[in-house]
Amino acid sequence: MTGIPMKRQRTTTSLLGSLLCLLAATALVSTASAGDPWTQRLVPTNPAHGTSFGETIALGGDTMAVGAPDALGSGVVVIFRRDPTGWSEEAVLVPPTPSIGARFGAALRFEGTELLIGAPDASDGGLDRQGEVVAFERSPTGNWSHSWTLYAPNPVIGGQFGSAFASNVWMWIGEPGNGDGFAWGYLRGWTPGNTPVLDQGLSEGGPGARFGASLARGVMSWAVSLDRELFVGAPGARRVFVAYEWHDAVSVGGSVSAPALPEFGKAIGSASGLGGGVFERLAVASDATGVEVYDDHDFGDFDLHHTTVQSFDGGGAGGFGDAFAIWNGGMIVGDPTAALGNLPDSGGAYRYAFDQGLVHDLGGLSPRPAAAGEGAGASVAINGTIVALGAPSAGAVHLFDVAGLLGTPHCSSVPNAAGAQPVLYGYGSDQVADRSFQVVAAGLPPHTLLTLGASQNATETPFGYGCAGLRCLAPPFVRFVNDIVLSDGAGGTTIDMDPLALPMGAVIAPGDTWNFQVWYRDRQATTSSNTTHALQVTFR
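Read on for an overview of the structure. (Residues numbered from 1 in each chain as written. Predicted model: local features only at pLDDT ≥ 70, side-chain atom pairs only at ≥ 80, totals over all residues. Heavy atoms only, no water.)

Let's shift gears to the sheet that holds strand 28 (residues 386-391). Read from one edge of the open sheet, 4 strands run 2-29-28-27, paired in antiparallel fashion. Every interior strand has two partners, whereas the edge strands, strand 2 (38-42) and strand 27 (379-383), have only one. Shown here is a sheet whose adjacent strand axes are inclined to one another by a mean of 20 degrees, direction ignored. Taken together, the 4 bridges between strand 2 and strand 29 (residues 396-401) define a ladder with antiparallel strand orientation. Bridge assignment links glutamine 40 to a residue of strand 29, and that residue is leucine 399. (Pairing = 2+ DSSP bridges. Helix = DSSP H or I, 4+ residues; strand = E, 2+ residues; numbered from the N terminus. Axes fitted to C-alpha atoms, helices over the stretch in contact; angles between N-to-C directions.)

Following this line, the structure appears as structure tokens:
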């Protein structure tokens, strides 16, 4: 792969003729990208803590935990805090009872005021690689102290308790090396300093399944009598199981399988509240190239709606998708094998937006400075607008602020003459007072006529009038008929707007939700134009 970030150019044109599907607006076209989202490269203060630093990351508000499970023999976790000047190291956590090869920090999760740290190969409980979970708590003054240590209910040699975490009705901990593998559920809401109480246990998949190697929380289940779902990866069986959490019990109710994909289920994630008839989305990593994404339209029938997310420029053959973060509007997929220019394995991540069953690429996140072998993207964490990419081969973490990635795609798009479906996303600031909001269009035909429309009302109906696409905006429209622009040679453009000075006297107020859509020239057999999906943004 060459440079990951999308490239955009200035494009201008005069008003050209009468247009059949006019929706849009007077717009100023940016002469440059909206800014490099990369903000900082972190390394531990003590070089001895750098071995495998960045293999795992957990973000919780202004606190970040970075695992270095191979450092100092047993592993360490380095804590960073954010202030207005950036992130700085606050503490280094070590296992209270070190054991060589414990891999302390191989799994991390913030739970209330505590940080849960998995050490799946720890042996200090008496059995080789039985594993353990260690909790630390932060005081208001920034001091970290050991809170408790938890072992598996029935520890075994090689059980690897503490391999994965998820929190839903219960706090779940994976133990994939115990027989078929287990996921153990502990009552939530424990008082800091007190060891959690075991309440549930699950095991499925057969010998060698490694049930519990990965865990992810689900959403509200479709049945009134059920509460939530839990996804449990069993990569040895190439399956992800769906467990239904009742108010006082839990049971496995189904699974998604991919027999042809080795290690299917080694990493999983889910998102909810998607709209467009999608109740839930499940993403699954394997040793194959790509991330398998399943949409649930039918109350649990994930297998019926499936796509594979792959690197949009054909790169990423050797690590793309091993780590990712997913939310309701899209996902960020790490690729430690990405090459920036001629620098092999400098790494990075791809950004994607979901439009119902469609997946659109939004460009990428590249480490700074680029260096061969950096391997950024081996781990991915996101919290709000902050994205962290781990580079354990270099002992570093790269931070990005993607505050500009604004809005939620909605309303379907129709393939254009080239078979592509362009994507919109917001950039800049969604705060009205900042007067700096941009709509970015990518994947359009090169040098094609386009214009932007806006409305506070949404619909999804055929456009007509020789337009192949859908009308995603409902009246009243903000119509931009005084300026039409051309996409650049890569099929993209960036359109600046001032929320307090839209055309036709329109003004965006804090709390308003607006929808944006691009019309563009697209000659097909029976139509001459097309539309993108819509982008919905709630302003502050």
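So, about the pattern of salt bridges. One pass over the structure, following the stated rule, counts 14 salt bridges. Among the ionic pairs, arginine 210 bridges to glutamate 263, the shortest N-O distance being 2.6 Å. With arginine 210 in the loop between strand 14 (198-202) and strand 15 (214-220) and glutamate 263 in the loop between strand 18 (250-257) and strand 19 (267-275), this pair connects stretches of sequence that are 53 residues apart. What makes arginine 210 partly exposed here is its relative accessible area of 31%. Through salt bridges that share partners, Glu55, Asp70 and Arg103 make up one connected network. (Salt bridge = Lys/Arg side-chain N within 4 Å of Asp/Glu carboxyl O. Buried < 20%, exposed > 50% of the residue type's maximum accessible area, 1.4 Å probe, protein only.)

This next bit is on unusual backbone geometry. Here the bond from proline 475 into proline 476 is cis, since omega is 0 degrees, no more than 30 degrees from zero. By the secondary structure assignment, proline 476 is in strand 34 (residues 467-478). Positive phi values are uncommon outside glycine, yet glutamate 263 reaches one of about 60 degrees. Assessed through its relative accessible area of 22%, glutamate 263 is described here as partly exposed.

Let us look at the sheet that holds strand 10 (residues 144-150). Taken together, the 4 strands give an open sheet; going across it, the order is 7-8-9-10, and neighbouring strands pair in antiparallel fashion. Two strands bound the open sheet, and with one partner strand each, they are strand 7 (107-111) and strand 10. Strand-to-strand, the axes of this sheet are offset by a mean angle of 25 degrees, without reference to chain direction. Both strand 7 and strand 8 (residues 114-119) contribute to a ladder of 5 bridges, which runs antiparallel.

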